[in-house]
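Close look at the chain arrangement
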Amino acid sequence: YDLKGSLVGRQAKNGEQVKKDRDWINDGSILNLPVELKRQMSAIVEADIRFLARQRVLDYSVLVGVHDKQSPAKGQRYQSVKLLTTMLRNKILPIIRKARKLKKSDSNMSTDSQASR
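These figures come from a predicted structure and were not determined experimentally.

Notes on the pattern of salt bridges
All told, the structure shown has 5 salt bridges when counted by the stated rule. In this structure, the salt-bridge partner of Asp-2 is Arg-10, at a minimum N-O distance of 3.7 Å. Each member of the pair, Asp-2 as well as Arg-10, carries the same accessibility label: buried. For Lys-19, the salt bridge is made with Asp-27, and the minimal N-O distance between the two is 3.1 Å. For Lys-19, a relative accessible area of 35% translates into the label partly exposed. Shared partners join several salt bridges into a network, and the residues in it are Asp-2, Arg-10 and Asp-21.

Thoughts on the packing of aromatic side chains
Summed over all chains, the structure comprises 1 aromatic pair. Measuring from ring centre to ring centre gives 4.9 Å for Tyr-1 and Trp-24, while their planes differ by 90°; the resulting arrangement is edge-to-face. Of this pair, Tyr-1 sits in the segment before strand S1 (2-3) while Trp-24 sits in helix H1 (residues 21-26), and the two are 23 residues apart along the sequence. The burial state of Tyr-1 is the same as that of Trp-24; both residues are buried.

Criteria and thresholds
- Residues numbered from 1 in each chain as written.
- Predicted model: local features only at pLDDT ≥ 70, side-chain atom pairs only at ≥ 80, totals over all residues.
- Heavy atoms only, no water.
- Salt bridge = Lys/Arg side-chain N within 4 Å of Asp/Glu carboxyl O.
- Buried < 20%, exposed > 50% of the residue type's maximum accessible area, 1.4 Å probe, protein only.
- Phe/Tyr/Trp six-rings, centres within 6.5 Å; stacked < 30°, edge-to-face > 60°.
- Helix = DSSP H or I, 4+ residues; strand = E, 2+ residues; numbered from the N terminus.

Spelled out as structure tokens, the structure:
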């Protein structure tokens, strides 16, 4: 699931492997997390939000992978892990690399402007 916290246009189309917010609700999905893990995850999300705000990025998703340990089909067990790995490699890492380049570029520009004073 690719969860953004919005229901507008947030349902997977036929054939899409990654489900979205409306699918999460329609499937009756919930996360029952221990209190400490919930606290840790909240802290991580808050740190991510602060980082994205500094980068002036407005988009944020939480990816929730469902790993079916009970599946009798061996290949099916690891499909969600492969899908998340592909999303990380093809969508998330390029955004992080771009943010790092922008940050480095901003830092170089501020150093150059300070040196010219």
